[in-house]
Amino acid sequence: QALIDQISEAPQFKGRIGPLGPFSATLDSMSLALSARLLGVSDPQQTVDILRNAVFKDRQIEYSREENDPANIFPHLVLKRGSGSCLGISLLVLMLGERLNLPVYGVLAPGHFFVRFDNGAYRCNIESTRMGACIDDSVYQARFALSTTSWYNLRNLEPREVTAVLQFAVGNCLRQAGAFSGALRCYGWASEGLRGYAEAWGNMGVVYDTLGQRDKAVAALLKAKALRPDLPDINRNLGTLFLKTRDFDEAIIEYQQGLLFNPKDADLHFGLGCAYYYNNEPDRAENELLEAYGKRPYLKTAAALLADIYKKNGDREKSDFYKKLSQ
């Protein structure tokens, strides 16, 4: 309810989320019916079938790709509307399972969330994007390229950690809606509830940057980087911040580190080229900007900087060529 109140402060969502209303009573009614079906059932696979059929067949809940629509992440709305995100549907399954005292847990993957039934001897990952199909861990490991040392180790989350994932999702909704104070509050809660949640710190940094609070933005992004140096976009975001603060040497370091992970990333080459340009290193700037422009010909700023470099070098032909491309 606290998160519903929080997100309802945003004008875009006011009146859309609504109170929980009879949701708890509806869950109680569903769990009572399921208890009757589970009476005498000892086979864990049959137990899982009964649980997921209650959601995906009886209620015909469908998966929606709109992950950042708050109507898709709150389980009371998922039940009411008949559709939800992987998080919203999984939370509904979790709440039902918990009412039935079943060994169900939330599991987090990069940009994904699912429910696991795990009684110690039998486990089944209930995949909400595939109508509750039972998916093996190896499928997620291959899909998300997870190594044995990955922070995303597909472990069973504790209840407070599941709450943190929801808080992070609500923060994303609020950030996209421009409700930045609420977004920061949610990201802060998420970072406290789930240890090592680098994405929460990273998004905090993005919000602080949007608000013009550059010192706080740098601190949050550096925290995210310390937690997970391989976090997607962390070097690019830090590099962009350091460009804004004119810390060009630091920007160069960030973009170079980013290219170690993603050597073909045009944005990283472009950022590095800009950093070299403003750091008065035109030869290095030229190489990186050409690399970026070759991958993304619509980067007019790269063309403009190249035109200026060639102008200063006395190469009028190339300068005129890239000047036209920049217009």
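About the cut-offs
Residues numbered from 1 in each chain as written. Predicted model: local features only at pLDDT ≥ 70, side-chain atom pairs only at ≥ 80, totals over all residues. Heavy atoms only, no water. Helix = DSSP H or I, 4+ residues; strand = E, 2+ residues; numbered from the N terminus. Axes fitted to C-alpha atoms, helices over the stretch in contact; angles between N-to-C directions. Parallel < 35°, antiparallel > 145°, perpendicular 65-115°, else oblique. Left-handed = near helix turned anticlockwise from the far one by under 90°. Contact = heavy atoms within 4.5 Å. Nonpolar A, V, L, I, M, F, W, Y, C, P; charged D, E, K, R; others polar. Disulfide = S-S within 2.5 Å. Buried < 20%, exposed > 50% of the residue type's maximum accessible area, 1.4 Å probe, protein only. Pairing = 2+ DSSP bridges. Phe/Tyr/Trp six-rings, centres within 6.5 Å; stacked < 30°, edge-to-face > 60°. Lys NZ or Arg CZ within 6 Å of the ring centre and 35° of its normal.

Caption draft 1: Spatial organisation of the environment of N153. Assignment of secondary structure puts N153 in the loop between helix 6 (137–143) and helix 7 (159–176). Expressed as a C-alpha distance, the spacing of N153 and D137, which sit 16 residues apart in the sequence, is 9.9 Å.

Caption draft 2: The packing of helix 7 against helix 9 (residues 198–210), seen in detail. Contact geometry for helix 7 and helix 9: axes closest at 11 Å, N-to-C directions at 20 degrees. As judged from the angle between their axes, helix 7 and helix 9 are roughly parallel. Taken as a pair, helix 7 and helix 9 cross one another with a handedness that is left-handed. On helix 9, the residues that touch F168, N172 and R175 of helix 7 are E199, A200, N203, V206 and V207. Tallied by class, the residues present in the contact of helix 7 with helix 9 amount to four nonpolar, two polar and two charged.

Caption draft 3: View of the state of the cysteines. Applying the stated criterion to the full structure yields one disulfide. Here C124 engages in a disulfide with C134; their sulfurs sit 2.4 Å apart. In this pair, C124 sits in strand 5 (residues 123–127) while C134 sits in strand 6 (residues 133–135), placing the two residues 10 residues apart along the sequence. The buried category is assigned to C124, whose relative accessible area is 1%. In this structure C134 comes out as partly exposed when scored by relative accessible area, which is 36%. Distance from the sulfur of C86, which forms no disulfide, to the nearest cysteine sulfur (C173) is 12 Å. For C86, a relative accessible area of 3% gives the class buried.

Caption draft 4: Region of interest: the environment of R214. Locating R214 in the fold gives a position in helix 10 (residues 214–227). With relative accessibility at 29%, the residue R214 sits in the partly exposed group. Those residues in contact with R214 that lie beyond four places of it in its chain are D209, L241, K244 and T245.

Caption draft 5: Representation of the sheet that holds strand 5 in the model. If you trace the four strands from one edge of the open sheet to the other, you get 3-4-5-6, paired in antiparallel fashion. The sheet is open, and its two edges are formed by strand 3 (104–109) and strand 6, each paired on a single side. Each adjacent strand pair in this sheet contributes to an overall mean axis angle of 40 degrees, direction not counted. Relative to strand 5, strand 4 (residues 112–118) runs antiparallel, the two being bridged by four bridges. Looking at the pairing, D118 lines up with R123 of strand 5.

Caption draft 6: Examining the side chain of T47 more closely. Note on placement: T47 falls in helix 3 (residues 44–58). Residue T47 is classed as buried on the basis of its relative accessible area of 9%.

Caption draft 7: How the structure looks around the packing of aromatic side chains. Per the counting criterion, the structure on display carries 11 aromatic pairs. Ring centres of W151 and Y197 lie 6.0 Å apart, and the angle between their planes is 15 degrees; on these two criteria the pair is classed as stacked. Separated by 46 residues along the polypeptide, W151 in the loop between helix 6 and helix 7 and Y197 in the loop between helix 8 (180–193) and helix 9 bring together distant segments of the chain. Seen in terms of ring centroids, F168 and Y197 are 5.0 Å apart; in terms of plane orientation they differ by 40 degrees. Their pairing is tilted. On the criterion of sequence distance, the pair formed by F168 in helix 7 and Y197 in the loop between helix 8 and helix 9 is long-range, its members being 29 residues apart. The buried category is assigned to F168, whose relative accessible area is 13%. Among the aromatic residues, ring-to-ring pairing joins W151, Y152, F168, Y187 and Y197 into one connected group. Taking the ring centre of W201 as reference, the NZ or CZ of K223 above it sits at 5.7 Å.

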